[in-house]
Amino acid sequence: MPSLKDLKNRIGSVKSTRKITKAMQMVAAAKLRRAQEAAEAARPYADRMASVMAGLAGAASGSANAPRLLAGTGSDEVHLLVVMTSERGLAGAFNSSIVRLARQYATDLLAQGKTVKILTVGKKGREQLRRDLGHLFVAHVDMSEVKRVGYDVAQSIAQDVLSRFDAGEFDVATLFYNRFVSVISQIPTARQVIPAQIEAGADTGASALYDYEPSEEGILAELLPRSIATQVFAALLENAASEQGARMSAMDNATRNAGEMIDRLTIEYNRSRQAAITKELIEIISGAEAL
Amino acid sequence: MADTMKFDLVSPERSLASVAATEVRLPGTEGDMTVMAGHSPVITTLRPGIVRVLGDGTDLEFTVTGGFAEITGDSCTVLAERSLPVQDMTQEHFDEMVAELRARHDAAANQDLPGPAPELVKLLSDMVAMGTHIGLDPTQASL
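Residues numbered from 1 in each chain as written. Chains lettered and ligands numbered in written order. Predicted model: local features only at pLDDT ≥ 70, side-chain atom pairs only at ≥ 80, totals over all residues.

Novice: What exactly am I supposed to notice about unusual backbone geometry here?
Specialist: For residues besides glycine, phi is generally negative; the peptide bonds are generally trans as well. Residue and element names in this part refer to chain A. Look at the link from I194 to P195: it is a cis peptide, with omega at -10 degrees. Note that P195 resides in the loop between β5 (185–194) and β6 (211–213). The phi torsion at L90 lies on the positive side, around 55 degrees, for a residue other than glycine. Within the secondary structure, L90 is located in the loop between β1 (78–84) and α3 (94–111). A tally of 15 C-beta atoms within 10 Å means that L90 is categorised as partly exposed. (Helix = DSSP H or I, 4+ residues; strand = E, 2+ residues; numbered from the N terminus. Buried ≥ 20, exposed ≤ 12 C-beta atoms within 10 Å, placed from the backbone.)

Novice: Help me understand the sheet that holds strand β2 (residues 115–121) of chain A in this model?
Specialist: Hydrogen bonds along the backbone pair up the strands of a sheet, which may run parallel or antiparallel. Residue and element names in this part refer to chain A. Overall, mixed pairing links the five strands, which are arranged β3-β2-β1-β4-β5 in an open sheet. One side of each edge strand has no neighbouring strand; the edge strands of this open sheet are β3 (137–141) and β5. Within the sheet, the average angular offset between the axes of one strand and its neighbour, ignoring direction, is 25 degrees. In this sheet, strand β4 (residues 172–182) lies alongside β1 in parallel orientation, the contact comprising five bridges. Within the sheet, the bridge partner assigned to L80 lies in β4 and is A173. Packing of helix α6 (residues 216–290) onto the sheet brings it into contact with β1, β4 and β5, and relative to β4 it is tilted by some 40 degrees. (Pairing = 2+ DSSP bridges. Axes fitted to C-alpha atoms, helices over the stretch in contact; angles between N-to-C directions. Contact = placed C-beta atoms within 7 Å.)

Novice: Sorry if this is basic, but what is going on with the interface of chain A and chain B here?
Specialist: Accessible area lost upon the coming together of the parts is a frequently used measure of interface size. Across the boundary between the two partners, chain A contributes 20 residues, which contact 19 residues of chain B. Elements represented by at least two residues in the side of chain A that touches chain B include exactly α1 (4–60), β6 and α6 of chain A. Here the residues of the side of chain A that touches chain B sort into 14 nonpolar, two polar and four charged. As paired elements, β6(A) and strand β5 (residues 42–46) of chain B share three bridges and run parallel to each other. Bridge pairing links D211(A) to V42(B) in β5(B). (Nonpolar A, V, L, I, M, F, W, Y, C, P; charged D, E, K, R; others polar.)

Novice: So what exactly am I meant to see when it comes to the nonpolar core here?
Specialist: Within soluble globular proteins, side chains that are nonpolar generally end up buried alongside one another. All names here are of chain A. V82, V83, M84, V232 and L237 are the most contacted members of the largest nonpolar core, which has 88 residues in total. It is α6 that contributes the most residues to this core, 18 residues altogether. Beyond its immediate chain neighbours, meaning those up to four positions away, V82 contacts L119, V121, V161, A173, T174, L175 and F176. (Core = buried A, V, L, I, M, F, W, Y, C linked by C-beta atoms within 7 Å.)

Novice: Mind showing me how you'd approach helix α4 (residues 123–133) of chain A here?
Specialist: Residues spaced three or four apart along an α-helix point in a common direction, a consequence of the helix completing one turn every 3.6 residues. Within α4(A) the residues assigned to the buried category are K124(A), G125(A), R126(A), Q128(A), L129(A) and L133(A). In this structure, the buried side of α4(A) is in contact with β1, α3, β2 and β3 of chain A.

Novice: Even after reading the chapter, I still don't get α3(A), so can you show me in this structure?
Specialist: All names here are of chain A. Spanning 18 residues, α3 covers 26 Å between terminal C-alpha atoms, matching the ideal 26 Å at 1.5 Å per step. Residues of α3 that are buried: F94, N95, I98, V99, A102 and A106. All buried residues of α3 fall inside an arc of 100 degrees around its axis, so they share one side. In α3, the exposed positions that point more than 90 degrees away from the buried face belong to Q104, D108 and A111. The secondary structure elements touched by the buried residues of α3 are β1, β2, α4, β4, β5 and α6. The positive-phi residue at the C-terminal boundary of α3 is G113, with phi of around 85 degrees. (Expected span 1.5 Å × (residues − 1). Arc of directions from axis to C-beta.)

So yeah, pure geometry; function would need other evidence.
Following this line, the structure appears as structure tokens:
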């Protein structure tokens, strides 16, 4: 049985842990709000881009000289998986759920005899994938210096992916990230960006109404790389919001658990204190009676 | 005459303007154009330059570094890659933009690719022209 001193120390240390997790929860809540605002602000652009793309792509995908970014290379032998995770842990299952999805996807592809290449964004995913899929890594984007997810970050990632595509390093690219639904729910998502996937149900009929300057193909060629950057950006923002949401609920749980633990330890502490007092009393009384 | 249309200027990070306008002047890749309400639907790419929005009592100017514009009869939407109101455009921002473009230009030149270099030269000179237009010094000598 632990001594009174031990119990007191443990209560003290759990209390300070609770303070830390409480503080982390509040920081995550503040960051989450900011991340959500950023995601909100980026939506109009992404929506417009998607609708224009849908119109253009609907018209162009039929033609024989559709750009490779849209039509693909004609094979799907080499897959690039862009796995986006966070730089920091202590965010519940945030990182492991992305990694699990990506690993599943990679194993399936490998089982089909395809080649898989992995580009990691964020340290945590890299660490988790290194053990069994480390030989498939082609590049890593370090986000530890990035304070706020800006479009320029997305652009440089997209640039990297595009230059690899142009060099013929892969046929299909898929993004892995957590889609933010709410603070308690983030859904790991795989999204194929190359060849471009045009959302079904988009209004493709409208494209015929527009005049294009310079030309339909010219605009499409300019737009496709941009649309990839936009999708990467959207994924990064969703991921940032999800990370803070996951951390917030994880820290909320941790704070609650710490509180429960403190209650339990306090009861144990009081019981053993009382037991010690009773024992001393009995010793004194029985000593007095013996006289 | 005061027919207005809805003007939106959005960049990837945020929406910069959403106002009613009677006239929008755009720096199109193939030449400047003025859009008024009832314009036939056009999608055009933009070169670096200044978008000017004239409306009922509004006169806004924005710098854009490229992007595209979607024009329908009753709306004009500019999707800019990077955009700033002209009054917020400082020498610092401008230098940064020019430097970025120059880096891309130099990188392309080093690779000796026949393709994109002339386009980048044009982009760079457009950018420099835009800077001089609003009274900023392109510091580095023009091409």
